[in-house]
Amino acid sequence: MIDLKGKVAVVFGLANKRSIAWAIAQKLSEAGATLAICYQSERLQREAEELAADLPGTKTFRCDVSIDADIDAVFEQFKNVYGKLDILVHSIGFAPNMKINNVLRTPREDFRMAHDISVYSLIALARAAEPLMAEGGSILTLTYYGAEKVFPNYNIMGVAKAGLEAAVRYLASDLGTKKIRVNAISAGPIKTLAARGISDFTTILTAVEQRAPLHRNVDALEVGNTALFLSSDLASGITGEITFVDCGFNITGL
Ligand code: NAD
């Protein structure tokens, strides 16, 4: 049993109960962490507050990670409310017009936004968290196998995820002397709001069922369990790693 009592965890990226962020939040809260949950905009506030009410002691905060002032303000709130952070989860990704553009046709502005929200935000959040992680900590993000291999319709998000995975390794190196670990989970496909932006997503789900060694798709709570492990002291020797939670799909050839 992992015990996170006395630890403060902040989870970014809650949209609704299907969000991977929600599965991770539940697991961190069950383990005893004091939890802060962040949502992007007022539109998501009620849903976030209703879900958070199920997790004792959890507070919600609004933060659009594409806005520096929002990041500064929310970390100021964390400092005032908690005085420190032990765990940060970045479960955020966005690429505009994924259904229209293949990589070749991606306009500069769509490329910029995909990388700003899906990659740079991890760097910005890690930088803001560092002073609050004076005793060390864990930073975790979510990636997908489309960073390594070409998947139909994943398009510019695949390019962004490759950047995100490289950022994990460089941040792990930058923050290692501060005892802050930085890792990513490469989750198998899960039906979430973000997944709705990918055309023919069910084709990917079906391929996993057919080919993955476990012959099924992963459940978000299984990603939550791995996030709990990676955020805990049990993973104290792991940093800069991309851990697959995909029912083994990534090991298959044909
Ligand atoms: P989701 O739609 O529930 O979560 C994505 C979150 O990103 C949302 O809460 C959204 O509000 C947030 N977000 C987008 N732009 C933002 C901004 N500017 N500021 C703050 N928040 C912003 O979907 P999800 O599938 O849970 O996605 C979470 C992460 O998991 C993403 O990085 C996604 O790429 C990754 N992932 C998803 C899958 C999958 O199949 N669902 C697989 C592997 C990795």
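Residue positions are counted from 1 within each chain, in the order its sequence is given. Restriction of local features to residues with pLDDT of at least 70 applies here, the model being predicted, together with a cutoff of 80 or more for giving and counting side-chain atom pairs; totals for whole chains, interfaces and linings are based on all residues. Water and hydrogen atoms were dropped before computing side-chain values, which therefore reflect all heavy atoms in the structure.

Colleague: Before we go on, may I ask you to explain the side chain of Ser 19 in this structure?
Modeller: Runs of E in the DSSP output that reach at least two residues are strands. Runs of H or I that reach at least four are helices, and both are numbered from the N terminus. In this structure, Ser 19 sits in the loop between strand 1 (8–12) and helix 1 (20–30). Side-chain polar atoms of Ser 19 contact the backbone nitrogen of Ala 15, separated by 2.9 Å. Whether two residues touch is decided by their heavy atoms; if any such pair falls within 4.5 Å, the residues are in contact. Sequence-distant contacts of Ser 19, that is, excluding residues within four places in its chain, are made with Gly 13 and Leu 14. N or O atoms within 3.5 Å of each other form a polar contact, as long as, within protein, one can give a hydrogen and the other can take it, and as long as residues adjacent in sequence are counted only when both atoms are side-chain atoms.

Colleague: Whenever I open this one, the site of the ligand confuses me. Can you help?
Modeller: When at least one non-hydrogen atom of a residue lies within 4 Å of a molecule or strand, that residue is treated as near it. Neighbouring the ligand are 27 residues; Gly 13, Ser 19, Ile 20, Ile 190 and Thr 192 lie closest to it. Within the backbone of Ala 194, one N or O atom sits 3.0 Å away from an oxygen atom of the ligand. For the ligand, the accessible surface in isolation is 800 Å², of which the surrounding protein chains cover 94%. Residue-level accessible areas treat just the shown protein chains as cover; the underlying method is Shrake-Rupley with a 1.4 Å probe.

Colleague: Quick question: what am I supposed to make of the pattern of salt bridges here?
Modeller: Side chains bearing opposite charge may pair, as long as their charged atoms lie close to each other. One side-chain nitrogen of Lys or Arg within 4 Å of one carboxyl oxygen of Asp or Glu is enough to make a salt bridge. Overall, the coordinates contain 10 salt bridges when judged by the stated rule. In this structure, the salt-bridge partner of Asp 3 is Lys 5, at a minimum N-O distance of 3.6 Å. Linked by salt bridges that have partners in common, Glu 42, Arg 62 and Asp 70 make up one network.

Colleague: Before we go on, may I ask you to explain the nonpolar core in this structure?
Modeller: The nonpolar side chains of a soluble globular protein tend to be buried with one another. With 93 residues, the main nonpolar core has Phe 12, Leu 28, Phe 75 and Phe 78 as its most contacted residues. The biggest single contributor to this core is helix 5 (residues 155–175), with 9 residues. Discounting residues that sit within four places of it in the chain, Leu 28 has contacts with Leu 4, Ala 9, Val 11, Ala 33, Leu 35, Ile 87, Val 89, Leu 228 and Ser 231. In this description, a nonpolar core means a group of buried Ala, Val, Leu, Ile, Met, Phe, Trp, Tyr and Cys residues linked to one another through side-chain atoms lying within 4.5 Å. Each residue is assigned to one of three classes by its accessible area relative to the maximum for its type, calculated with a 1.4 Å probe on protein chains only: buried under 20%, partly exposed between the two thresholds, exposed over 50%.

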